[in-house]
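Inside the fold
Here's the letter readout for the chains.
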Amino acid sequence: DKGEDLFFVVSTGRAGSTSIANTLDRHPEIRCYHEANRQLIRLSTEYCHKKVSVAQAKEELEAVYCGCGIFPREGAVGESNLKLGNLIEIISELLPKCKFVWIIRNGRSFVSSAYNRGWFSQNQEEFALRHQWATYRINGFEAGDFSQAEWNKMTSFEKCCWYWNYWNSIIDNQLSKLGKDRYISIRLEGLGDSLPHVQSFLGVPVQELSLSRDNMAKEKIVHPYSEWNRSEKDSFEKFCGEMMSRFYPSE
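Okay, so let's go over this structure. (Residues numbered from 1 in each chain as written. Predicted model: local features only at pLDDT ≥ 70, side-chain atom pairs only at ≥ 80, totals over all residues. Heavy atoms only, no water.)

Section: unusual backbone geometry
Heads up, the condition is: The secondary structure listing takes helices from DSSP runs of H or I that are at least 4 residues long and strands from runs of E that are at least 2 residues long, numbered from the N terminus.
The phi torsion at Glu-35 lies on the positive side, around 50 degrees, for a residue other than glycine. In this structure, Glu-35 sits in the loop between β2 (30-34) and α2 (39-48). Here Phe-120, not a glycine, exhibits a phi torsion of approximately 65 degrees, which is positive. Along the chain, the position of Phe-120 falls in the loop between α5 (107-117) and α6 (124-129).

What follows is the structure in structure tokens.
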């Protein structure tokens, strides 16, 4: 029933998904929720790993968004969720007028942040602090990109590089099949300046909104790009070079 007033924010994670949700939610004609549907943590990964079929994923998403979703009658309503990226095709079919906002973060910054957060580290701290996301984090073997032996040999740094390219490629591929009026892409580094464009795209009056900075790493990045060794820079170029040249050509 919400039609084009329903929207979804997609990203790799570690890319401002909390910040944009909280920022847009301050607009009087927008309600935007961050990870409102936690079952997507599991569903998205099981779908990526081909443990559930398209039909099964569609049935569950239909129950979430069409069967029991309750939205305000007036204004735009959105969900910002890092697990939505590989479900765009199904959601866009179930909700044929909904819109998507894709936030892209510089791969170097993402890899440093995700690596610093312990993504793919398999350590106890990662599972204790972020057990749902750590338990259901996609892996390259079950996603079909590597043999199990190849995936197991990769470092957590290499896996973070792979993930940035893999997830953005999925988002890019699935959005490209939609009409140009149904999605926009925004670089995180210019998100504050892009807020008027986002509001116009969502069809609400443009208001001055100051960008929230939420869910930032509590600890200082201990391994920024400036401290990457040659092997790490080569790994980043191997996995991320082509996509970086598209979205960050001058960097």
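Next comes the rest of the account.
Things to note about the environment of Leu-61
Short version of the rule: Any residue under 20% of the maximum accessible area for its type is buried, any over 50% is exposed, and the rest in between are partly exposed; the area is computed with a 1.4 Å probe on protein chains only. Residue contacts are defined here by distance: any two heavy atoms, one from each residue, within 4.5 Å place the two residues in contact.
Along the polypeptide, Leu-61 turns up in helix α3 (residues 54-67). Leu-61 gets classed as buried once you look at its relative accessible area, which sits at 0%. Expressed as a C-alpha distance, the spacing of Leu-61 and Arg-213, which sit 152 residues apart in the sequence, is 30 Å. Contact partners of Leu-61, with chain neighbours within four places excluded, come to Leu-40, Leu-43, Cys-66, Leu-87, Ile-90, Ile-91 and Leu-94.

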